[in-house]
Amino acid sequence: MLGRVLMLALLAPSLVGAGVIEVALKLPLRPRLTVGAGETVALAPFVIAMTDQEARTDRAGRVDVQSEFARYLRKQVTRTTDLHVVDDTGRRLPTSEWEELQANRDFWRDIADETGAAFVLSGVIDFDIEDKSGYRTEEFVSPVDGRTYYRQVLVESTGFVFDIVIAVFDGDTGEKLVEENFRDFKEFDQRNYDEILGLFENLRALERQLVGIFVSQETSATRFMFTN
């Protein structure tokens, strides 16, 4: 500690009159999984999260999240990588319990054998929609007397939550190589906002993170430099 104080004391005279500039840097982020060009990735079914109290007649149940997400992910991966993506989401899952499913190495190896994939991608999807309405108090100025009053205003909105776990399994061993959890929330000032539009707003917000499993990304950072 004393050494650091002495160093700062020595540096202090040289910093007098020095300017500081802020520099924005682009820093590379390595992909979570290194995959060779031209490798095949199989999209297995995802577990669709649903509590016992939920009914599939709710608004979120009107969306085929399995198909929509598989189509979107396949498009993004093929657009940003040299990987070959095979859709195997029509396969029946042996269990809907994720902890049990991810430990089932035979299941992942079977998918890889039948599709010729080097890697198998699966996980858990939780997509929820909540329509809300209520009153809030806001100020307004009367055009009659110019005084400020308060009034109750009805506010309606729709919230979309997309919470997903993505895991990648080795096609030869069935071992889980990567697991990531991504979550996004969007709210719109409109009741009964379209379900599909809401889902794709969530997906667009998570796009860089999703493909970041396979491809390098950039992140921004700020550094400060002293100038004489």
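Residues numbered from 1 in each chain as written. Predicted model: local features only at pLDDT ≥ 70, side-chain atom pairs only at ≥ 80, totals over all residues. Heavy atoms only, no water.

Here's the deal with the overall build of the chain
Part 1 of the argument: Along the backbone of the chain there are 5 helices and 8 strands.
Part 2 of the argument: Along the chain, helices (α) and strands (β) appear in the sequence α-β-β-β-α-β-α-α-β-β-β-α-β when read from the amino end.
Part 3 of the argument: A burial count over the chain gives 36% of its 228 residues as buried.
Part 4 of the argument: Expressed as a percentage of contacts within the chain between residues at least 6 apart in sequence, the contacts between residues at least 24 apart total 73%.
Part 5 of the argument: Carbon and sulfur atoms form 49% of the exposed surface of the chain, whose accessible area is close to 14,200 Å². (Helix = DSSP H or I, 4+ residues; strand = E, 2+ residues; numbered from the N terminus. Buried < 20%, exposed > 50% of the residue type's maximum accessible area, 1.4 Å probe, protein only. Contact = heavy atoms within 4.5 Å. Areas by Shrake-Rupley, 256 points an atom, 1.4 Å probe, with all protein chains shown as cover.)

Quick notes on the environment of Glu99
Part 1 of the argument: Along the chain, the position of Glu99 falls in helix H3 (residues 98–102).
Part 2 of the argument: Only 3.0 Å separates the side chain of Glu99 from the side chain of Gln102, close enough to count as a polar contact. (Polar contact = N/O pair within 3.5 Å; in protein donor to acceptor, adjacent residues only side chain to side chain.)

A few points about the confidence of the model for the chain
Part 1 of the argument: Summary statistics for the chain give a mean pLDDT of 78 and a share of 75% for residues scoring 70 or more.
Part 2 of the argument: Summarising per-element confidence for the chain, the mean pLDDT is lowest in helix H1 (residues 2–15) (43) and highest in helix H4 (residues 105–115) (96).
Part 3 of the argument: Predicted confidence is poor over residues 1–16, with pLDDT under 50, and the contacts of this stretch with residues over four places away or in other chains come to 2 contacts. (pLDDT = per-residue confidence, 0-100.)

Some details on helix H5 (residues 195–211)
Part 1 of the argument: Spanning 17 residues, H5 covers 23 Å between terminal C-alpha atoms, matching the ideal 24 Å at 1.5 Å per step.
Part 2 of the argument: Its side-chain oxygen placed 3.1 Å from the backbone nitrogen of Ile196, Asp194 serves as the N-cap of H5. (Expected span 1.5 Å × (residues − 1).)

Considerations on the packing of aromatic side chains
Part 1 of the argument: The full count for this structure, using the stated rule, is 7 aromatic pairs.
Part 2 of the argument: Geometrically, the ring pair formed by Phe107 and Trp108 is edge-to-face, given 5.0 Å between the ring centres and 70 degrees between the ring planes.
Part 3 of the argument: Owing to a relative accessible area of 9%, Phe107 belongs among the buried residues under this scheme.
Part 4 of the argument: Using a relative accessible area of 0% as the deciding quantity, one classes Trp108 as buried.
Part 5 of the argument: Members of the aromatic cluster, each reached through a chain of ring pairs, are Phe46, Phe69, Phe127, Phe160 and Phe162. (Phe/Tyr/Trp six-rings, centres within 6.5 Å; stacked < 30°, edge-to-face > 60°.)

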